[in-house]
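# Observations on chain architecture
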Amino acid sequence: MHMADALISPVVGGVMWVATAGLIGYSAKKIKEEGDNHKVPLMGVLGAFIFASQMINFSIPATGSSGHLGGGMILAILLGPYAAFLVMASVLIVQALFFADGGLLALGCNIFNLGFFPCFIVYPLIYRKIVGDNPTQGKIMLGSLIGAIIGLQLGAFGVVLETVFSGISELPFRTFVILMQPIHLAIGVVEGLVTAAVVTFVWKARPEILNAARNSIPIGKLNIKKVLLVLVLAAVIAGGMLSWFASSNPDGLEWAMFKTSGKEELESHESVHVSLAGIQEKTAFLPDYGFKKSEPETEAKPVWPAVDSGTSVSGLVGGILTLMVAVLIGLGLRQRKNAA
Amino acid sequence: MNNIGRNSFDIGYMDTLASGDSPLHRLDPRAKLITTFIFIVTVVSFDRYALAVLTPFFIYPIVLIALSGLPAGYLLKKVLIVSPFAILVGIFNPLMDRGILFHIGSIGISGGWVSFISIVLRFMLTVTAALILVSLTGFNAVCAALIKFGVPKPFVVQLLFFYRYIFVLSDEAERMVRAGSFRAFHSGAMGFKTFISLLGNLLLRTLDRAERIYYAMCCRGFDGNIRIIRSMRITYQEIMFIFGWGALFIFLRYFNVPLKLGTFITGLLK
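Residues numbered from 1 in each chain as written. Chains lettered and ligands numbered in written order. Predicted model: local features only at pLDDT ≥ 70, side-chain atom pairs only at ≥ 80, totals over all residues.

### Considering the overall build of chain B
Going by this rule: Secondary structure elements follow DSSP: runs of H or I no shorter than four residues count as helices, runs of E no shorter than two count as strands, and numbering proceeds from the N terminus. Radius of gyration: C-alpha atoms only; globule rule: 2.2 Å multiplied by the number of residues to the exponent 0.38. Three classes are used. A residue is buried when 20 or more other C-beta atoms lie within 10 Å of its own, exposed when 12 or fewer do, and partly exposed in between, with C-beta atoms placed from the backbone. We call two residues in contact when the distance between their C-beta atoms, placed using the backbone, is within 7 Å.
In terms of regular secondary structure, chain B is built from 13 helices and two strands. Taken against the 2.2 N^0.38 rule, which gives 18 Å for 270 residues, the C-alpha radius of gyration of chain B at 24 Å runs more than 25% over that of a compact globule. Taking the principal axes of the C-alpha coordinates as reference, chain B spans close to 75 × 55 × 30 Å. When the 270 residues of chain B are sorted by exposure, 46% land in the buried category. Put simply, of all contacts in chain B between residues at least 6 apart along the chain, 78% involve residues at least 24 apart.

Right, here's the structure in full:
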């Protein structure tokens with residue numbers, strides 16, 4: 001469920017980046033304030049554990065598929081929300097860089113979906129409430145299971161919202177939700193069972209580990225309101241700045257670095273339209289979920305039939321030629337390099 | 001070698017690539033980080049029907065791969081491995097958006113197919129750019145650049161720890177899985193119970209290891225910082241790299257080169 005760069009718009013990617021960066025800064029500040037040098041190596045090594053454990057799979061009976069540990073929830077239980085959020089961000093950064101699993105621009109979205117929800121929503125509001133101050137095996141199992149399921153549902157919903165707001169994919173909101181939520185319910189149950197079992201295993205073998213984790217962050221110290229405030233502020237600032245840039249540029253979706261002088265007529269047609277669609281999407285999206293469905297008809301027709309089909313074919317021919325030129329340049333450069 | 005071994009081998013291989021020596025490898029990591037970002041943001045800023053206009057952007061990965069001697073086939077294979085999610089979400093476009101955009105001969109091409117192919121192109125461009133960044137720079141240098149950009153220290157330090165221990169823990173996980181599979185006479189996939197006790201033991205060992213690492217580091221004077229011996233300097237070359245590519249991306253963003261070229265060629269054919 002990693003978002004990909006190809007599916008998001010710069011505005012969505014940018015807003016999520018700033019929000020996530022704000023949260024990372026805030027969490028890092030909290031870790032520093034704790035002044036516990038011990039924690040930093042522990043975080044790194046546990047991140048590597050999550051990474052390594054995701055490579056171990058078990059077979060799910062009667063389905064032919066396999067499951068593995070998800071991460072966010074178990075990290076929060078072992079490390080507390082702030083440290084867990086940072087570790088989750090690191091795991092996703094390494095996955096993005098080395099396995100291209102989720103892109104660089106989508107990194108903000110991914111860290112938010114898989115880190116923010118389990119660490120700052122599910123852990124304090126669900127897991128801690130269920131487990132309380134006197135953990136028993138049953139409470140720990142129940143808390144981890146429900147926590148993992150809800151965390152994944154929220155994360156999947158985040159993916160849906162980010163994709164729909166970006167408007168690159170045509171999937172209507174309702175269809176996408178119907179596709180995503182049940183799949184992630186299944187994944188969530190598996191992840192919940194694994195998390196619950198591993199946490200219980202640790203609790204039975206070495207109860208002091210969980211107790212230490214719980215005591216190092218008394219629940220009163222975790223200030224959810226502050227976290228949310230940082231988040232909202234960051235998002236509002238980012239959203240405001242980006243939309244200011246966007247609106248000062250007829251192109252709608254990107255920042256205004258350059259004046260759009262000498263632009264193709266065809267392009268400006270399209271751009272005005274896109275920016276209108278963008279505004280429409282922002283204003284009309286929430287009150288009416290059905291909006292997206294009717295979009296393809298209202299959108300594609302008025303703009304494109306006006307375009308001379310000759311132009312589009314020229315564009316296609318030109319595109320293929322450009323690609324060939326690019327490959328030739330590459331081959332030429334490599335040959336020169338090898339000769340040198 | 002099982003799956004786990006291959007994964008950590010993969011990361012190790014990309015680090016080997018990063019230790020190569022070419023003018024591009026020697027560039028300051030900050031320059032490569034900034035340029036990659038400009039590239040990705042420019043590529044994703046096109047509207048959803050952008051198709052031909054995206055093609056000139058392939059010049060960036062192609063030139064970088066050619067000049068640095070990175071193995072193109074290997075990078076392409078990695079791109080293909082991760083493509084399913086983008087393709088899965090994108091493949092609905094042809095179903096939802098059936099309005100005909102243009103005709104090639106008598107075949108009508110619907111908007112959905114155009115936007116689907118546009119997603120695939122974006123995907124290839126953004127993913128290769130990220131992979132090239134890390135195989136030209138290496139993870140430690142990326143982290144050093146992050147510190148220079150003002151990312152909080154505790155975050156970067158644990159990121160460096162994390163990266164170092166991926167290899168150790170992957171090896172450990174691999175050994176455990178191998179041992180388990182020997183004892184089960186290679187009886188196929190692992191059951192839930194085995195899986196949990198394996199994972200739980202790995203976790204306990206990990207926690208003990210973290211403890212030992214911490215004490216060992218305290219003995220060596222660890223004060224919460226990791227110092228990286230690598231001087232970073234922004235010189236004329238770095239500035240040329242950022243502004244040269246940046247200017248090209250913005251030019252390609254606002255001037256439809258393929259359309260001009262195509263009009264010229266089809267004009268000749270008429």
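### Considerations on the overall build of chain A
A count of helical and extended segments in chain A gives twelve helices and two strands. The linear arrangement of helices and strands in chain A, starting from the amino end, is α-α-β-β-α-α-α-α-α-α-α-α-α-α. Out of the 340 residues belonging to chain A, those deemed buried represent 50%. Of the contacts made within chain A by residues no fewer than 6 positions apart, 72% connect residues no fewer than 24 positions apart.

### Thoughts on the nonpolar core
For the record, the criterion: Take the buried Ala, Val, Leu, Ile, Met, Phe, Trp, Tyr and Cys residues, join any whose C-beta atoms are within 7 Å, and the set you get is a nonpolar core.
Formed by 176 residues in total, the largest nonpolar core has its most connected members in Leu-46, Leu-75, Leu-86, Val-87 and Met-88 of chain A together with Val-134 of chain B. Setting aside chain neighbours within four positions, we find Met-88 of chain A in contact with Gly-71, Gly-72, Leu-75, Ile-111, Leu-114, Gly-115 and Cys-119 of chain A.

### Let's talk about the domain arrangement of chain B
Note the following rule: How far each domain reaches was decided by an automatic or database domain assignment.
By domain assignment, chain B separates into domain 1 (20-137 + 235-270) and domain 2 (152-233). Between the C-alpha centres of domain 1 of chain B and domain 2 of chain B there is a distance of 36 Å.

### Points about the packing of helix α10 (residues 153-183) of chain B against helix α11 (residues 192-219) of chain B
Residues and elements named next belong to chain B. Operational definition: Only the stretch in contact is used when a helix axis is fitted, and all axes are lines through C-alpha atoms; the angle between N-to-C directions ranges over 0 to 180 degrees. Definitions for this section: a left-handed crossing has its near helix turned counterclockwise from the far helix by less than a right angle. A right-handed crossing has that turn clockwise. For this classification, the nonpolar set comprises Ala, Val, Leu, Ile, Met, Phe, Trp, Tyr, Cys and Pro, the charged set comprises Asp, Glu, Lys and Arg, and every other residue, Gly included, is treated as polar.
Running from N to C, α10 and α11 cross one another at 145°; their axes reach a closest spacing of 11 Å. Considering how the two elements wind past one another, α10 and α11 form a crossing that is right-handed. Residues Leu-169, Glu-172, Ala-173, Met-176 and Gly-180 of α10 lie in contact with α11, whose contacting residues are Thr-194, Leu-198, Leu-202, Arg-205 and Thr-206. For the contact of α10 with α11, the class distribution of residues is five nonpolar, three polar and two charged.

### Notes on helix α1 (residues 10-34) of chain A
All names here are of chain A. Rules: By definition here, a helix of n residues has an expected span of 1.5 Å times n minus one.
Under the 1.5 Å per step criterion, the end-to-end length of α1 is 36 Å for 25 residues, consistent within 8% with the ideal 36 Å. α1 sits mainly inside the fold: 18 of its 25 residues count as buried. Looking one or two residues past α1, Gly-35 carries a phi angle of roughly 60°, positive in sign.

### Focus: the environment of Val-190 of chain A
Counting through the fold element by element, Val-190 of chain A comes out in helix α7 (residues 173-205). Residues Val-190 of chain A and Val-164 of chain A, spaced 26 residues apart in sequence, show a C-alpha to C-alpha distance of 27 Å.

### Topic: the environment of His-103 of chain B
Secondary-structure assignment places His-103 of chain B in strand β1 (residues 100-104). For the pair His-103 of chain B and Met-190 of chain B, spaced 87 residues apart in the sequence, the C-alpha separation amounts to 53 Å.

### Notes on the interface of chain A and chain B
The interface of chain A with chain B comprises 99 residues on the first partner and 102 residues on the second. Every element with two or more residues in the side of chain A that touches chain B is listed here: α1, α2 (39-53), β1 (58-59), α4 (81-98), α7, α10 (265-284), α11 (291-303) and α12 (309-339) of chain A. Of all the elements, α12 of chain A adds the most residues to the side of chain A that touches chain B, at 19 residues. Residues of the side of chain A that touches chain B, tallied by class, amount to 58 nonpolar, 26 polar and 15 charged.

### Overview of the packing of α4 of chain A against helix α5 (residues 107-131) of chain A
All names here are of chain A. Threshold: By the definition adopted for this analysis, an angle is roughly parallel if under 35 degrees, roughly antiparallel if over 145, roughly perpendicular if from 65 to 115, and oblique otherwise.
At a closest axis distance of 9 Å, the pairing of α4 and α5 adopts a crossing angle of 155°. As judged from the angle between their axes, α4 and α5 are roughly antiparallel. When you trace α4 past α5, the crossing you get is right-handed. Residues Pro-81, Ala-84, Phe-85, Met-88, Ala-89, Leu-92, Ile-93 and Ala-96 of α4 touch α5, and the partners they reach there are Leu-107, Asn-110, Ile-111, Leu-114, Gly-115, Cys-119, Phe-120, Tyr-123 and Pro-124. For the contact of α4 with α5, a count of residues per class yields 15 nonpolar, two polar and no charged.

### Some points on the environment of Pro-81 of chain A
Within the secondary structure layout, Pro-81 of chain A lies in helix α4. Each C-alpha atom, one on Pro-81 of chain A and one on Phe-116 of chain A, is 8.9 Å from the other, the two residues being 35 residues apart in sequence.

### Some points on the confidence of the model for chain B
Stated formally: A score from 0 to 100, pLDDT tells how confident the predictor is in each residue.
A residue-level look at chain B finds 91% of positions with pLDDT of 70 or above and a mean pLDDT of 82. Predicted complex metrics record ipTM = 0.78 and pTM = 0.75.

### Let's talk about helix α4 (residues 59-68) of chain B
The buried count for α4 of chain B comes to seven of ten residues, which makes it a mostly enclosed element. Of the positions making up α4 of chain B, those classed as buried are Ile-59, Tyr-60, Pro-61, Ile-62, Leu-64, Ile-65 and Ala-66 of chain B.

### A look at the confidence of the model for chain A
Across chain A, pLDDT averages 71, with 65% of residues at or above 70. Least confident of the elements in chain A is α11 of chain A, whose mean pLDDT is 37; most confident is α5 of chain A, at 89.

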